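Examination of the molecular architecture
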Amino acid sequence: MCDEEAASEQLLQDLVNRACPIIEGVVRRRLAFSTSAEVQDREDVRGEVVVELLRRLRAFRDGDGTNPIENFSGYVATAAHHACDEYLRRKYPQRRKLKTRLRYILCTEPQFAVWESERSQDQGWICGFKIWQLEGRERAQPPADGWQCKSGIGGTGQSREGIVTVLTGIFDSARAPILLEDLVGIVARLWGTNDRMVSLDPEDSAGTFIADPESHLIQRRALEGLWNDVRDLPVPQRVALLLNLRSGEGDSPIVFLPVMGIASIRQIAEVLNVPAEEFAGLWNKLPLDDQTIAGRLGITRQQVINLRKSARERLRRRADGRSDV
């Protein structure tokens, strides 16, 4: 290795060394596990962030980078948060469902709000009473013994009114905004929301959805065929269909594509013609409503509905054509 290459590699290593404490801090706080298997998962998540960071830095060094990293520390922290989000989404689907419900209530009840923190050390969404957002109140630091909520609020039920009561009690106790992830953890403990452990290995994750390997193979082939058909759609149809796609429970089914090894988040972003970093920021917000998609495409809400209808008809014709063969 020549002196120039050695210096370049040393610079990369220095940047990684600078990033490691940031990654460690985010992952340790977000994935505060105790079992040996979960601790190993945490190590794997940390390793994934480092590998992706090295890939990105080498791409810039070699002239292949498209968007420069303007805030290195902020970029590293965001990448670590996204990796933790992906881990939690895949391993704890019930927690993700709970997070979706809470976010919906926070966004639709006028006394609440959820917003992106402007403080670089937070690197995430915070929530609380709407007036706190207007005041620009800083986030509360969790006490050593955890958040103490009003007695009995955990038994108020899980109706909309019950959730509003729970959130009000939590925010009254905190007296300041808290991280959305912390809120999800508090409510999960109050309600005893638990998930069956799911392997992060895409080859092992079939058991989350279906019972036997043969069924998994059939479903995987069907999904791969459907994904290939979607890739052949015009870009506006792909966007209108995929960004709004939702299951019977209101979640976005496209989260299963990376889990089953059919398409990575980056590949989905490419199909949607959205920069990977921007799409990573949208990932937790999926599915999007038609008005939001219309704004992204610069068209009307009705045109989004028409695009999605055309996409589904085109996919149906492709499926019918295969069945006739």
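Rules used throughout
- Residues numbered from 1 in each chain as written.
- Predicted model: local features only at pLDDT ≥ 70, side-chain atom pairs only at ≥ 80, totals over all residues.
- Heavy atoms only, no water.
- Helix = DSSP H or I, 4+ residues; strand = E, 2+ residues; numbered from the N terminus.
- Buried < 20%, exposed > 50% of the residue type's maximum accessible area, 1.4 Å probe, protein only.
- Contact = heavy atoms within 4.5 Å.
- Areas by Shrake-Rupley, 256 points an atom, 1.4 Å probe, with all protein chains shown as cover.
- Expected span 1.5 Å × (residues − 1).
- Phe/Tyr/Trp six-rings, centres within 6.5 Å; stacked < 30°, edge-to-face > 60°.
- Lys NZ or Arg CZ within 6 Å of the ring centre and 35° of its normal.
- Pairing = 2+ DSSP bridges.
- Salt bridge = Lys/Arg side-chain N within 4 Å of Asp/Glu carboxyl O.
- Axes fitted to C-alpha atoms, helices over the stretch in contact; angles between N-to-C directions.
- Parallel < 35°, antiparallel > 145°, perpendicular 65-115°, else oblique.
- Nonpolar A, V, L, I, M, F, W, Y, C, P; charged D, E, K, R; others polar.
- Left-handed = near helix turned anticlockwise from the far one by under 90°.

Moving on, we get to the overall build of the chain. For the chain, the helix and strand inventory stands at 14 helices and three strands. When each of the 325 residues of the chain is scored for burial, the buried share is 41%. Long-range contacts, defined as pairs at least 24 residues apart, comprise 65% of the intrachain contacts of the chain with a sequence gap of at least 6. About 17600 Å² of surface is accessible on the chain, with carbon and sulfur atoms providing 50% of the total.

Another point: helix H4 (residues 93–108). Taking 1.5 Å as the rise per residue, H4 with 16 residues should run 22 Å; its terminal C-alpha atoms sit 23 Å apart, in good agreement. Taken as a whole, H4 has its buried residues at Arg96, Leu98, Lys99, Leu102, Arg103, Ile105 and Leu106. On its buried face, H4 is in contact with helix H3 (72–91), strand E1 (112–116), strand E2 (125–129), helix H6 (160–174) and helix H7 (180–191).

Turning our attention to the packing of aromatic side chains. All told, the structure shown has five aromatic pairs when counted by the stated rule. Where Phe129 meets Trp132, the ring centres are 4.9 Å apart and the plane angle is 75°; that geometry is what we call edge-to-face. No difference in accessibility class separates Phe129 from Trp132, as the two residues are buried. A ring pair is formed by Trp132 and Phe171, whose centres lie 6.2 Å apart and whose planes are at 70°; its orientation type is edge-to-face. Linking Trp132 in helix H5 (residues 130–135) with Phe171 in helix H6, this pair joins segments that are 39 residues apart in sequence. Looking at Trp132, the relative accessible area reads 6%, which means it is buried. Pairwise contacts between aromatic rings join Phe112, Phe129, Trp132 and Phe171 into one cluster. Lying over the aromatic face of Trp125, Arg103 brings its terminal NZ or CZ to 5.5 Å of the ring centre.

Attention shifts here to H3. The end-to-end C-alpha separation of H3 is 29 Å, in line with the 28 Å expected for 20 residues at 1.5 Å each. Of all 20 residues that make up H3, 16 are buried, and the element is covered over most of its length.

Counting buried positions over the five residues of E2 gives four, a clear majority of the element. Pairing of E1 with E2 involves five bridges; the strand directions are antiparallel. Looking across to E2, one finds that Phe112 is bridged to Phe129. Pairing analysis gives two bridges linking E2 to strand E3 (residues 178–179), with the strands arranged antiparallel. The residue of E3 that forms the bridge with Cys127 is Ile178.

Bringing the pattern of salt bridges into the picture now. Inspection of every chain in the model, using the stated rule, returns 10 salt bridges. Between Arg160 and Glu109 there is a salt bridge whose closest N-O contact spans 2.8 Å. Residue Arg160 is found in helix H6, and its partner Glu109 is found in the loop between H4 and E1; the two are separated by 51 residues along the sequence. Overall, the relative accessible area of 31% leaves Arg160 in the partly exposed class. For Glu109, a relative accessible area of 16% corresponds to the buried category. Between Arg296 and Glu278 there is a salt bridge whose closest N-O contact spans 2.8 Å. Taken together, the residues span a long stretch of sequence, with Arg296 in helix H13 (residues 290–297) and Glu278 in helix H12 (residues 276–282) at a distance of 18 residues. A relative accessible area of 33% places Arg296 in the partly exposed class. Salt bridges sharing common partners tie together Glu24, Arg28, Glu43 and Arg46.

It is worth spelling out the packing of H4 against H6 at this point. Geometry of a packed helix pair, given as the angle between the helix axes and the separation of the axes. Where H4 contacts H6, the two axes come as close as 11 Å, and the packing angle between them is 80°. When the interaxial angle is binned, H4 and H6 end up roughly perpendicular. Across the interface between the two elements, Arg101, Leu102, Tyr104, Ile105, Leu106 and Thr108 from H4 touch Arg160, Ile163, Val164, Leu167 and Phe171 from H6. Considered class by class, the residues forming the contact of H4 with H6 number eight nonpolar, one polar and two charged.

The next thing to look at is the packing of H4 against H7. Between H4 and H7, whose axes approach to 10 Å, the crossing angle comes to 115°. Relative to H7, H4 is oriented roughly perpendicular. Where H4 crosses over H7, the handedness of that crossing is right-handed. Note on element contacts: H7 touches H4 through Leu180, Glu181, Leu183, Val184, Gly185, Val187, Ala188 and Trp191, opposite Arg95, Leu98, Lys99, Leu102, Arg103 and Leu106. Of the residues in the contact of H4 with H7, the class split is nine nonpolar, one polar and four charged.

One open sheet accounts for three strands, arranged E1-E2-E3; its pairing is antiparallel. In this open sheet, the two strands that pair with only one neighbour each are E1 and E3. Against the sheet, H4 touches E1 and E2, its axis set at about 110° to E1. Against the sheet, H6 contacts E1, E2 and E3, and its axis sits at roughly 95° relative to E2.

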